[in-house]
Amino acid sequence: MDQTGGMLDWTTQFAGLSRLSPEIKARLLTESRVASVPKDTVIFGPGKAPETLLLLLDGSVRVQQTSENGREVFLYRVTAGQSCVLTTACLLAYEEYSAEGIAETDLEAVLVPRVTFDELIAGSPEFRRFVFAAYARRITDLFRVIEDVAFRRVDVRLAQRLVSLAGADGALEATHAALATELGSVREVISRQLQEFQRRGWVELGRGTIQITAPAALKRLAEQR
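Calculation rules
- Residues numbered from 1 in each chain as written.
- Predicted model: local features only at pLDDT ≥ 70, side-chain atom pairs only at ≥ 80, totals over all residues.
- Heavy atoms only, no water.
- Helix = DSSP H or I, 4+ residues; strand = E, 2+ residues; numbered from the N terminus.
- Polar contact = N/O pair within 3.5 Å; in protein donor to acceptor, adjacent residues only side chain to side chain.
- Phe/Tyr/Trp six-rings, centres within 6.5 Å; stacked < 30°, edge-to-face > 60°.
- Buried < 20%, exposed > 50% of the residue type's maximum accessible area, 1.4 Å probe, protein only.
- Lys NZ or Arg CZ within 6 Å of the ring centre and 35° of its normal.

Explain unusual backbone geometry to me, and be specific about the residues and the numbers.
The residue Asp-40 is not glycine, and still its phi comes out positive at about 75°. Considering the arrangement of structural elements, one finds Asp-40 in the loop between strand S2 (33-37) and strand S3 (42-44). Of note in this structure, Tyr-94 is not a glycine but carries a positive phi near 55°. Here Tyr-94 is to be found in the loop between helix H2 (85-93) and strand S7 (100-103).

Could you give me a rundown of the environment of His-176, with the residues and numbers involved?
For His-176, the location among the structural elements is in helix H6 (residues 176-183). Counting along the chain gives 33 residues from His-176 to Thr-209, while the straight-line C-alpha distance between them is 9.4 Å. Side-chain polar atoms of His-176 contact the side chain of Ser-191, separated by 2.7 Å.

Just give me the short version of the packing of aromatic side chains, but keep the residues and values in it.
Scanning all chains against the criterion turns up six aromatic pairs. Arranged with centres 4.1 Å apart and planes meeting at 10°, the rings of Phe-44 and Tyr-97 form a pair that is stacked. In this pair, Phe-44 sits in strand S3 while Tyr-97 sits in the loop between H2 and S7, placing the two residues 53 residues apart along the sequence. Exposure class is identical for Phe-44 and Tyr-97. Each is buried. Ring centres of Phe-117 and Phe-127 lie 6.1 Å apart, and the angle between their planes is 80°; this geometry places the pair in the edge-to-face category. Taken as a pair, Phe-117 in helix H3 (residues 114-123) and Phe-127 in helix H4 (residues 125-151) lie far apart in primary sequence, ten residues in all. Of the residues examined, Phe-127 reaches a relative accessible area of 1% and is grouped as buried. Through successive ring pairs, a cluster of aromatic residues spans Trp-10, Phe-14, Phe-117, Phe-127 and Phe-130. We note Arg-114 situated over the ring of Tyr-94; from NZ or CZ to the ring centre the distance is 4.2 Å.

So this is what it looks like as structure tokens:
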């Protein structure tokens, strides 16, 4: 991670931090650092303890877990203006990571040292509210992932993901394996479902690419409960 430094007031990108007292805000800006992280970097992984709280300024981090049989299960995504709930949980409990975080894009992130995190959690009600509010939101998202995997049809979830990923021209780059990981499924199931979408004339499949050809039909499926 390369430090980009400076005293940029990055707290304005996080609603809870913008309300901090000037003293607490100054401490965060002084003791934290802004870092650039290249795409595909493994930011954290199982067996490692966090040394910093990660606050994302730009880019996207995918958090996933690998089962004993090697299957990858997508848990959640951290985007700009968010913190990582797993990092927060491990910092609070002094535990090691049980999953890995991977930079999906080039990132710009704030790294708040553990000692600063610990002292502000203990001494600043505003900072504590920010941390626990973000934690509660992400836990809710995780329960939604569990509910989707357990109870919602894979064709509906796949349609939703394709619609969300597609550009204005209906094109997207995604492998069957990557989609399976995000949807908590396996590649074979996703491949069969994509082939069914193609048979219906909804998509055209290429090598690592998908072109949506019937967006209205796909959106109707995606909106089913």
